[in-house]
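Per-entry structural report
These are the residues of each chain, in order.
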Amino acid sequence: MTDAPQPVADPARSADRVDLRFEPSGRQVRVPTGVTLFDAASWNGIAIDSTCGGHGTCKKCKVKILDGAAPASSLDTRAFGATELRDGWRLACRLEAAGDLRVEVPPLVTRPKAATVGVGRKVILRPAVQKRYVKLDEPTLQDQTSDLERLLASLDDLELRVDLHALRTIGPALRQGGYRATAVVVDDVLVDVEPGDTTGCLYGIAFDLGTTTVVATLLDLSSGTPVAVRSVLNKQQHFGADVISRISAIMLDPEALGKLSSLAHETLAELTAAVCSEGEVTPREVYEIAVAGNATMTHIALAIDPEALGMAPFVLASRWFPELLASELGVAVHPRARAVVFPAIGAYVGGDITSGLLASGMDRDRRTRLFVDIGTNCEIVLGSGERLLATAAPAGPAFEGASIRCGMRASDGAIESVEMSPEDLAVKVIGDGEPLGLCGSGLVDSVAELVAVGLLDPSGRFVADDRAAEVAPGLADRLRTVAGERVFVLHWLGEPGDAERAIYLTQRDVRELQFAKAAIATGWSLLLEDAGITADDVQQVLLAGSFGSYLSPASAVRIGLVPPLPVLRIVSAGNVAGEGAKMALMSVRERAGAMALLEEVRYVELSDRSDFNDRFVDELAFPA
Ligand code: FES
């Protein structure tokens, strides 16, 4: 059996490609065989008229085939007259490209529904779920057509399969609504029939299932608009802060997997209730959910033993996951609501990264870009043209403040940024109150500024006192010794000069940061080498995740955490994992794009490389 995704026979995964040229713009795109013209155009930002999002109901997506073979579909014969068909007019959403085509796109009359998500990604709405309002004739003794056949006759443009749940609801719904009803269709399956017109109620929930924090966004699938967003701490916290401690708990206690899985479900359920309540949406009106999480969180949520992820050779149970219901993740929404779980690229490049790559368009950009998600485990992806290389670097907990003497999480009281001159320093504290400690971004800033003013030498050692007085006279007094270790005081809590009662950075803290940044820099530098390019070729760095949002690009460059680009080309991408999950709900094409990434990204294992150690040692130093 192959490791290929199964849920859909996805044209995006076909090896054959065709060239499509859209006129009058002259834009040429290359797409897998079997993709519809409508999708090929929308993937590439070419707008074609539509109000149904490609479901074949609005008949607005008219295009004219100028060159190439394009057989007419049954819907084309209803949408066009014989002359128009002969002239090459077709509905773009019904025509699957089987060969090269040249296509004329008429000017837009109505704008397709679209929403901007992720890093400037414009997504044309095409959710898997659609609702169709129908008005049916009531049965009589002369017309004893069954409820289902009566309904299907009014939806004859769709080739539907029927879910048992729909058969259970159809009779009561038709009679309750006076034969005015709404059919709920997921892909090509009729899953429910609701009395009256409920077409305005169509929702999905996108989850970013993090090890620490879980975020839910309730999305109106008819407009792509977020209705409510909530985040909570993952209820698995007391089993340990990171994935390794949760895997260890499972290895030690046969009951732990069940407990951790239930806690994940409770977390998702709590968020579901919170966003539905905030958005004033009945949970039953949520017809699909999407979940993006790292491989360990995803395995645990699905009650799949993650033990093999925690030790060499680091093997996933599967890169992709079968179709499942939201209820199987403990989420009580519509009883037939599906859960779309993002596929993982590798044991340490999980579904959150697949989702993030989708949201940042890494697979579609011709520029050479580096995607860096910094955390205890740092995921790095290099995209250059059509090639995507990924790796994971064990950065350790320094960026979360965990192994730092005065470290703390990025919450109220944490020093989040530091500025220094040879004369003085200024700190910025989350919540603007008295500093309580130093979080990851404050740590990176402190070290970067100390290197810049000359109090730390490029090897990461604090300079001698006389040298300190020379290069930074206003700061030299902050270099102290606490418990036999050299420290730099960032903030006096008591009397100035009382280093025992102060927030400071120790020589060991600097070393911790050096190890973390060297692991990351080794990761991206080896990827660049594999791609046959240098840091000078990188055109943009995307800093993903919450830490990436706080990190100062200038400081990241200063300590060598990222390649030395102008700071404007180092972009904070935010919570791209959550954005990708939203995109998967908004568009089945984007969802297929996430699956296609599994084939497009090559995972590079660093731990067995002979040059890893030498490179790591080289990267420990700060750029001169
Ligand atoms: S997009 Fe509506 S019919 Fe093609």
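Since we're looking at a predicted model, the values are computed, not measured. Within each chain, residue numbers correspond to sequence positions counted from 1 in written order. Predicted model: local features are reported for residues with pLDDT of at least 70 only, side-chain atom pairs are reported and counted for 80 or more only, and whole-chain, interface and lining totals are derived from all residues.

1. Quick word on the overall build of the chain
Broken down by element type, the chain carries 17 helices and 29 strands. Throughout, the radius of gyration refers to the C-alpha atoms, and the reference size of a globule is 2.2 Å times the residue count to the power 0.38. On C-alpha atoms alone, the chain measures out to a radius of gyration of 28 Å, which is about the 25 Å that the 2.2 N^0.38 rule sets for 624 residues. Projected onto the principal axes, the alpha-carbon positions of the chain cover approximately 100 × 50 × 45 Å. Exposure in this text rests on C-beta crowding, where 20 or more other C-beta atoms within 10 Å of a residue's own make it buried, 12 or fewer make it exposed, and counts in between make it partly exposed. The C-beta atoms are placed from the backbone. Counting all 624 residues of the chain, 47% fall into the buried class. Contact between two residues is assigned whenever their backbone-derived C-beta positions fall within 7 Å. Of the contacts made within the chain by residues no fewer than 6 positions apart, 65% connect residues no fewer than 24 positions apart. Counting from the N terminus, the helices are DSSP H or I runs at least four residues long and the strands are E runs at least two residues long.

2. Considering the domain arrangement of the chain
Throughout the structure description, domain borders are defined by an automatic or database domain assignment. Splitting the chain by domain gives domain 1 (11-112), domain 2 (129-195), domain 3 (203-341), domain 4 (364-396 + 515-619) and domain 5 (399-512). Distance between the C-alpha centres of domain 2 and domain 4: 49 Å.

3. Overview of the packing of helix H6 (residues 243-252) against helix H7 (residues 256-279)
Between H6 and H7, whose axes approach to 7 Å, the crossing angle comes to 135 degrees. The angle between the axes of H6 and H7 places the two elements in the oblique class. Of the residues in H7, those in contact with Arg246, Ala249 and Ile250 of H6 are Ala256, Leu257 and Leu260. The residue inventory of the contact of H6 with H7, partitioned by class, reads five nonpolar, no polar and one charged. Interaxial angle, 0 to 180 degrees, is taken between N-to-C directions of lines fitted to C-alpha atoms, where a helix line uses only the stretch in contact. Each angle receives one of four descriptions, namely roughly parallel if under 35 degrees, roughly antiparallel if over 145, roughly perpendicular if within 65 to 115, and oblique otherwise. Ten residue types, Ala, Val, Leu, Ile, Met, Phe, Trp, Tyr, Cys and Pro, are classed as nonpolar, four, Asp, Glu, Lys and Arg, as charged, and the remainder, Gly among them, as polar.

4. Concerning the pairing of strand S7 (residues 121-124)
At least two DSSP bridges between two strands are needed for those strands to be called paired. Pairing analysis gives four bridges linking strand S6 (residues 114-117) to S7, with the strands arranged antiparallel. For Val117, the partnering residue across the bridge sits in S7 and is Arg121.

5. Examining the sheet that holds strand S2 (residues 27-32)
In space, the five strands of this open sheet follow the order S2-S1-S5-S3-S4, with mixed pairing throughout. Since the sheet does not close on itself, it has two edges, and those belong to S2 and strand S4 (89-91), each with one partner. On average, adjacent strands in this sheet sit at an angle of 35 degrees to one another, irrespective of strand direction.

6. Side note on the environment of Leu436
Of note, Leu436 is situated in the loop between strand S22 (425-429) and strand S23 (437-438). Placed 67 residues apart in sequence, Leu436 and Ile503 show a C-alpha to C-alpha distance of 7.4 Å. Those residues in contact with Leu436 that lie beyond four places of it in its chain are Met408, Gly413 and Ala414.

7. Details of unusual backbone geometry
It is generally the case that most residues other than glycine have a negative phi and that most peptide bonds are trans. At the junction of Glu23 and Pro24, the peptide bond is cis and its omega measures out at 5 degrees in the coordinates. Mapped onto the elements of the fold, Pro24 is located in the loop between strand S1 (17-23) and S2. The residue after Ala312, namely Pro313, is reached through a cis peptide bond having omega 10 degrees. Within the fold, Pro313 resides in the loop between helix H8 (295-301) and strand S16 (324-325). Here the phi dihedral of Lys59 falls at roughly 60 degrees; this positive angle occurs in a residue that is not glycine.

8. Considerations on the packing of helix H4 (residues 147-154) against helix H5 (residues 164-176)
H5 packs onto H4 with a crossing angle of 85 degrees between their chain directions and a minimal axis gap of 9 Å. With respect to H5, the element H4 is oriented roughly perpendicular. From H4, Asp147, Leu148 and Leu151 reach across to H5, where they touch Leu167, Ile170, Gly171 and Leu174. Of the residues assigned to the contact of H4 with H5, the class counts are five nonpolar, one polar and one charged.

9. Section: the sheet that holds strand S11 (residues 189-195)
Read across the sheet, four strands follow the order S8-S10-S11-S9 without closing on themselves; strand pairing throughout is mixed. Two strands bound the open sheet, and with one partner strand each, they are strand S8 (129-135) and strand S9 (161-162). Where S8 lies against strand S10 (residues 180-186), seven bridges are found, and the strand directions are antiparallel. For Lys135, the partnering residue across the bridge sits in S10 and is Arg180. H5 rests against S9, S10 and S11 of the sheet, and its axis sits at about 25 degrees to S11.

10. Some points on the nonpolar core
Nonpolar core, as used here: buried Ala, Val, Leu, Ile, Met, Phe, Trp, Tyr and Cys residues forming one set through C-beta atoms within 7 Å. Judged by nonpolar contacts, the single largest core of 163 residues is most densely connected at Phe207, Ile289, Val291, Val372 and Ile520. Counting residues per element, this core draws most heavily on helix H12 (residues 507-531), at eleven residues. Counting 22 residues, the second largest nonpolar core, distinct from the first, contains Val31, Cys61, Ala97 and Val105.

11. So, the environment of Ala228
Of note, Ala228 is situated in strand S14 (residues 225-233). C-beta crowding within 10 Å serves as the criterion here: with 19 such atoms nearby, Ala228 is assigned to the partly exposed category. When the C-alpha positions of Ala228 and Thr182 are compared, they lie 25 Å apart, and in sequence the two are 46 residues distant.

12. Observations concerning H7
Under the convention used throughout, the expected extent of a helix is 1.5 Å for every residue step, that is, one less than its residue count. Here H7 is 24 residues long and its end C-alpha atoms lie 34 Å apart, about the 34 Å a rise of 1.5 Å per residue gives. Every buried residue belonging to H7 is among Leu257, Leu260, Ser261, Leu263, Ala264, Thr267, Leu268, Leu271, Thr272, Val275, Cys276 and Gly279, and all of these are buried. Each element contacted by the buried residues of H7 is listed here: strand S12 (203-209), strand S13 (213-220), S14, H6 and H8.

13. With respect to the confidence of the model for the chain
How sure the predictor is of each residue is captured by pLDDT, a score from 0 to 100. Chain-level pLDDT for the chain is 90 on average; 96% of the residues reach the 70-or-more range. Here residues 1-15 is a poorly scored stretch, pLDDT under 50, and it has 27 contacts once near neighbours within four places are set aside; other chains count.

14. Structural notes on the pairing of strand S24 (residues 479-482)
With four bridges joining them, S24 and strand S25 (residues 485-492) adopt antiparallel strand pairing. Paired with Arg480 across the strands is Val487, a residue of S25. The antiparallel pairing of S24 with S25 creates a hairpin that spans two residues between the two strands, and Ala483 there sits at a positive phi of about 50 degrees.

15. Some details on H5
For H5, with 13 residues, the first-to-last C-alpha span of 19 Å sits near the 18 Å given by 1.5 Å per residue. Listing the buried residues of H5 in full gives Ala166, Thr169, Ile170, Ala173 and Leu174. Tucked into the core, H5 has its buried residues touching H4, S9, S10 and S11. Note on H5: the residue one or two positions beyond its end, Gly178, has a positive phi of about 60 degrees.

16. So, the environment of Phe239
Tracing the backbone shows Phe239 in the loop between S14 and H6. Along the sequence, Phe239 and Leu260 sit 21 residues apart, while their C-alpha atoms lie 8.0 Å from each other.

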